[in-house]
Amino acid sequence: MKASQFYIKTTREAPAEAETISHQYLARAGFIQQIAAGIFSIMPLGQRSLEKIRTIIREEMNAAGALEVTMPVVQPRSIWEESGRAETYVPPLANFRDRREREMVLAPTHEETVSMMGRYGITSYRDMPLNLYQIQTKFRDETRSRGGLLRVREFEMKDAYSFDADEEGLDASYQAMAQAYHNIFSRCGLNAVMVEADAGSIGGKDSAEFVLLADSGEDTILICDSDDCGYGANLEKAEFIKSLNPREVKAEVEKFATPGIKTIEALAEAEGVPTSKTGKVVFYTIDDEVYVVVIRGDYEVNETKVRNMMGGSEPRLATPEEVAAAGFPAGSASAVGIPSERVIADDSAVENPNLLAGANEDGYHLRNINYGRDWNSDHIGDIASAVDGQRCSRCSDGCLKQHRGIEVGHIFKLRTVYSDAMDVKYNDADGNLRPVLMGCYGIGTGRLLAAAVEANHDDRGMTLPRSIAPFEVVIVAVNIHNNDQVRDLSESLATQLEAKGVATLLDDRAEAPGAKFADADLIGIPVRVVVSPRSIQNGGVEIKHRLADPKNSTIHAFDDAIGAILNTLES
RNA sequence: CGGGGAGUGGCGCAGUGGAAGCGCGCCUGCUUUGGGAGCAGGAGGUCGCGGGUUCGACCCCCGCCUCCCCGACCA
């Protein structure tokens, strides 16, 4: 491909709104163009990289036995009513009416349509396992866009859906996808870690996400630092071992005045004890009921864990008005005297004796509060968020280390959430009608590209691996327009490389050499070959890997050039 | 959807109540050709939109739209 016939428009400066490295480089190199908030066009260079990513994904999905399909982006709202998600998935659903006034949605994900596809043909356990996937556009209206391609509203996703007759089958499908994902990310040059995750609003149970560790990511994950443990989970899911305060004989409750003390930290300091000796309270509204959530003072409430414990309804912090309306005291609160069905308690608050807590009277607190004697709860469990440095729940000696990361893939066991709602059933070997067990598996292709840039760049530009770089070799033809030798040799090299299947860009533009070098570095083409009057005088062409020092190239005679280029490409 | 910022040629930015400029990029010609070349000459902007104040608004006032960042949610 000749650069003069391609579409290469690079800029020295990134758009002002580009903050992340990947956004800056993808924009400067002309891979992407922003059209609206979270909506991008992909330009020819970006298209080539994305297509290579798609090809890798297709190869791995096909190898895992999945079958490619295409499902519609525009869907009738009625099928979302059938699954029940028209009500629960409200914010991200973009609605419109067609010209016959039928209510339509832009699909944010495709469980409904794939369930219909499964329902169409799956009638027997003999029809499974089945795995259907597509690479298709999604639109989520309420997700806030951020970081260029890292998070957008319209995005392309590879989404796969498995159908199995039993748990063993589902597990095998899930494991096959996990392996395929490892292969995909590895081939794209990403060292993604698989961590346990919460299933979120998609529904279902077991799930894991694949995360590229990067400070620009918005995902918080915790990974055990023990070499042979391997436990990792995202913040919503991570479990840890809570410390236990020393056992003490239950002491008598004492009420005491604490004028002006509003925080747990201030209370602990005033009493000269650690915050782990306190029980703090947060009010949450769940399904229009206000609950008192109790947790030991040194931990924070994890709303996802609360949601899961309370049956899946989203908790949100209660407003002062709601707290007052529920008849709960606003200041210096505690669970003492609150009906147990309205108390949600972390086990840390239950298991530790003689805690400091509010007196449910402004300006007063209580010493020596004990669960069972002074307060009760019908909802006890782990609702605490893990933080850096806590003990790993899976091994005896590890500590959890907190990281930021970019979520590039997510796999779920949906089980029967959608097969029940959408009536996807089969006959088992005994003739019983059973719901199909489903799984779903997603990879954002654009985000994968952005993540690859986040993981592969330097101060000159992108350093994408050969597997996803838009071109593998760039031939910088210096002075090509007034030097026939340069022109003939560079074109000959390009032709030979193309014949060997190497994606080659011949930079024949009438740009200054420096501009061509800068563009080659910015775009991040793995191998650079220079053909110039000087290189010819020196006996051939110069070959350099993108990651090598800019000045550090080697001269090769023309007869050896192709071999040397291929060798450099392999390195 | 809450909180904060910003909208001026393609991109990055300056600017004043008398109404528009710089750098990069673009076009033409000549000269150049190893890390984003030089000279000369050009093209390109209803200053986000609507209303108001004023003799006069890019500037002041009001409303709206859009974009970005932080938070809640996700691939």
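As a reminder, the structure under discussion sits directly above these lines.
As a starting point, this report considers the structure included with it.

Procedures and definitions
Residues numbered from 1 in each chain as written. Chains lettered and ligands numbered in written order. Predicted model: local features only at pLDDT ≥ 70, side-chain atom pairs only at ≥ 80, totals over all residues. Heavy atoms only, no water. Axes fitted to C-alpha atoms, helices over the stretch in contact; angles between N-to-C directions. Helix = DSSP H or I, 4+ residues; strand = E, 2+ residues; numbered from the N terminus. Parallel < 35°, antiparallel > 145°, perpendicular 65-115°, else oblique. Contact = heavy atoms within 4.5 Å. Nonpolar A, V, L, I, M, F, W, Y, C, P; charged D, E, K, R; others polar. Pairing = 2+ DSSP bridges. Buried < 20%, exposed > 50% of the residue type's maximum accessible area, 1.4 Å probe, protein only. Lys, Arg positive; Asp, Glu negative; His and termini not counted. Salt bridge = Lys/Arg side-chain N within 4 Å of Asp/Glu carboxyl O. Left-handed = near helix turned anticlockwise from the far one by under 90°.

Helix α12 (residues 445–455) packs onto helix α1 (residues 21–28) with a crossing angle of 105 degrees between their chain directions and a minimal axis gap of 8 Å. Classed by the angle they form, the pair α1 and α12 counts as roughly perpendicular. Contact residues: α1 offers Ile 21, Ser 22, Tyr 25 and Leu 26, while α12 offers Leu 449, Ala 450, Val 453 and Glu 454. Tallied by class, the residues present in the contact of α1 with α12 amount to 6 nonpolar, 1 polar and 1 charged.

Before going further, it helps to examine the sheet that holds strand β29 (residues 473–477). With mixed pairing, 5 strands are arranged side by side in an open sheet as β30-β29-β31-β32-β33. Taken across any chain shown, the strands that pair with only one partner, and hence form the sheet edges, are β30 (504–507) and β33 (554–556). The mean inter-strand angle of the sheet, taken between neighbouring strand axes irrespective of direction, is 25 degrees. Here β29 runs beside β30; their pairing, made up of 4 bridges, is parallel. What sits directly across from Val 474, in β30, is Leu 505. Helix α14 (residues 513–523) rests against β29, β30, β31 (527–531) and β32 (541–545) of the sheet, and its axis sits at about 175 degrees to β29. Sitting on the sheet, helix α16 (residues 558–570) touches β29, β31, β32 and β33, and the angle it makes with β32 is about 5 degrees.

As a further point, take the side chain of Arg 528. As for its position among the elements, Arg 528 is in strand β31. Lacking a salt bridge, the buried Arg 528 has Asp 521 as its closest oppositely charged neighbour, with an N-O distance of 4.7 Å. Once you skip the residues sitting within four places of it in the chain, Arg 528 turns out to touch Val 474, Val 476, Phe 517, Ala 520, Glu 542, Ile 543, Lys 544 and Pro 550.

Okay, the packing of helix α13 (residues 484–499) against α16 next. As a packed pair, α13 and α16 sit with axes 11 Å apart at the nearest point and diverge in direction by 40 degrees. Regarding the angle of α13 to α16, the classification is oblique. Here the hand of the crossing between α13 and α16 comes out right-handed. Packed against α13, whose contacting residues are Leu 489, Leu 493, Gln 496 and Leu 497, the element α16 presents Phe 558, Ala 561, Ile 562 and Ile 565 at the interface. Here the residues of the contact of α13 with α16 sort into 7 nonpolar, 1 polar and no charged.

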